[in-house]
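Below, each chain spelled out in residue letters.
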There are 2 protein chains.
Amino acid sequence: MSQPRALRVQPLTPDAFAAFGQIIERDASRAFPINQGRTERFHALAQVEALGEGAQGILSIFRGQPLEPLVITMMERHPQGSQAFVPMNGQAFLAVVAPPGELDESRVEGFLVQGHQGVNYRAGTWHAPLLPLEPDSDYLVVDRQGPGNNCDEQTLSQPIIPVLPGKA
Amino acid sequence: MSQPRALRVQPLTPDAFAAFGQIIERDASRAFPINQGRTERFHALAQVEALGEGAQGILSIFRGQPLEPLVITMMERHPQGSQAFVPMNGQAFLAVVAPPGELDESRVEGFLVQGHQGVNYRAGTWHAPLLPLEPDSDYLVVDRQGPGNNCDEQTLSQPIIPVLPGKA
């Protein structure tokens, strides 16, 4: 296996993340009042994709632990469904992703998802397994259940070490 | 309008809530390890219902404020889709619900949803609008987008005052 390479982790912005999916956060441009003004709805921040006959969106909880040492050696994708991760206790995580299609390791990007944000990976988006930064981090996960294969895994030819902003 | 009545709020348990939908919490009986054991998946705690052609599950955020005074005068239902609420910052809320079908006010029940729990209302379940207990409570909401009416509202013949456990 070749030497790992460093990957600079970026701030999460809608433009930068558009090729991979959607950001789930309180975006003022998507807000309107409901419940006699008592609730603000930030509407349709992400869409559940559950492709194929008999498939359905499901809600699960993932309790994750940090990857130590932080060296990513494989990525995976779900060709038939989206997969969203939203912190349940405000714990940030890393989203390391590559566009759908044949995995192009030169196009892997890393994002810091803050504790008040979530992400939704579009069907087929390559991503590293869950990368929380703190122990016992809980995420609500919305993904697909249904017939057929919905997980492809691929070992990286060169492992990746994400480097957080401000770190050497 | 008649005098409000008190409704005792119950602890949230799967049996007690079964007629209304599912509880979203780390239920050990639904757990298995993934990601080389680094993540525990509490699997398929709830199902997204998005009925009708062209309908889809969507993810939104609701930022809610407490109802003051805490007197419930109406309930609503979404006949074509489920609706899940999961705290994003650990803030408890009340779920005041009645079974699907014609609204039977004698069958309204109230539950305390703790900050580490969520609920998924099955399609057609009657429920009061979002009832957080603290200001600026954020919830991830998974519900349905699609053609046709998906919200019925009904004024209660007798308003309801939820009474929390341990309160007079």
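Rules used in this analysis
- Residues numbered from 1 in each chain as written.
- Chains lettered and ligands numbered in written order.
- Predicted model: local features only at pLDDT ≥ 70, side-chain atom pairs only at ≥ 80, totals over all residues.
- Heavy atoms only, no water.
- UniProt positions renumbered as here; feature names shortened; annotations may be inferred.
- Helix = DSSP H or I, 4+ residues; strand = E, 2+ residues; numbered from the N terminus.
- Buried < 20%, exposed > 50% of the residue type's maximum accessible area, 1.4 Å probe, protein only.
- Polar contact = N/O pair within 3.5 Å; in protein donor to acceptor, adjacent residues only side chain to side chain.
- Contact = heavy atoms within 4.5 Å.
- Least-squares fit on C-alpha atoms with pLDDT ≥ 70 in both.
- Pairing = 2+ DSSP bridges.
- Axes fitted to C-alpha atoms, helices over the stretch in contact; angles between N-to-C directions.
- Salt bridge = Lys/Arg side-chain N within 4 Å of Asp/Glu carboxyl O.

Per an unreviewed UniProt entry, the recorded name for chain A is Ureidoglycolate lyase, and the organism is Marinobacter salinisoli. Its UniProt record, at the heading Subunit (unreviewed entry), says of chain A: "Homodimer." The UniProt entry for chain A carries the following comment under Catalytic activity (unreviewed entry): "(S)-ureidoglycolate = urea + glyoxylate".

Draft legend 1. Just the side chain of Thr125(A), in detail. Residues and elements named next belong to chain A. Position of Thr125 relative to the elements: it lies in the loop between strand E10 (118-121) and strand E11 (126-127). Residue class for Thr125 comes out buried when judged on its relative accessible area of 1%. Among the polar contacts listed, one links the side chain of Thr125 to the backbone oxygen of Phe20, at a separation of 2.9 Å. In this structure, Thr125 is in contact with Ala19, Phe20, Glu76, Arg77, Val97, Ala98 and Pro100, ignoring residues within four places of it in sequence.

Draft legend 2. Inspection of the relation of the copies chain A and chain B at higher detail. With an RMSD of 0.0 Å, chain A superimposes on chain B once it is rotated by 180° and translated 0.0 Å along the axis. As the rotation angle and translation indicate, the two copies are arranged about a two-fold axis. By C-alpha distance to the rotation axis, the residue of chain A lying nearest is Met88(A), at 2.4 Å. Of the interface residues in chain A, 100% have counterparts in chain B that sit at the interface too, so the contact is made through matching surfaces.

Draft legend 3. Looking closely at the sheet that holds strand E13 (residues 137-145) of chain B. Taken together, seven strands build an open sheet; the order of strands is E3(A)-E4(A)-E5(B)-E13(B)-E7(B)-E10(B)-E2(B) and the sheet is antiparallel. The strands lining the two open edges of the sheet, one partner per strand, are strand E3 (31-34) of chain A together with strand E2 (21-24) of chain B. When the angles between neighbouring strand axes are averaged without regard to direction, this sheet yields 25°. In this sheet, strand E4 (residues 39-47) of chain A lies alongside E3(A) in antiparallel orientation, the contact comprising four bridges. Of the residues in E4(A), the one forming a bridge with Pro33(A) is Glu40(A).

Draft legend 4. Looking closely at the pattern of salt bridges. By the definition in use, this model includes eight salt bridges over all chains. Here Arg63(A) and Asp138(A) are joined by a salt bridge, their closest N and O atoms 2.8 Å apart. Residue Arg63(A) is found in strand E5 (residues 56-64), and its partner Asp138(A) is found in strand E13 (residues 137-145); the two are separated by 75 residues along the sequence. As far as the burial class goes, Arg63(A) and Asp138(A) line up, both buried. A salt bridge links Arg77(A) to Asp152(A); the nearest nitrogen and oxygen atoms lie 2.9 Å apart. Pair noted here: Arg77(A) is in strand E6 (residues 72-77) and Asp152(A) is in strand E14 (residues 152-163), with a separation of 75 residues, a long-range link. With relative accessibility at 22%, the residue Arg77(A) sits in the partly exposed group. Judged by relative accessible area, Asp152(A) falls into the partly exposed class, the value being 22%. Ionic contacts of the salt-bridge type, sharing partners, join the residues Arg26(A), Arg63(B) and Asp138(B) into one network.

Draft legend 5. Expanded view of the sheet that holds strand E2 (residues 21-24) of chain A. With antiparallel pairing, the seven strands of this open sheet are ordered in space as E2(A)-E10(A)-E7(A)-E13(A)-E5(A)-E4(B)-E3(B). Of all strands in the sheet, those with a lone pairing partner are E2 of chain A together with strand E3 (31-34) of chain B, marking the two edges. Across the sheet, the axes of successive neighbouring strands diverge by a mean angle of 25°, strand direction being ignored. As defined by bridge partners, E5(A) adjoins strand E4 (residues 39-47) of chain B across six bridges and the pair is classed as antiparallel. Bridged to Arg63(A) within E4(B) is Glu40(B).

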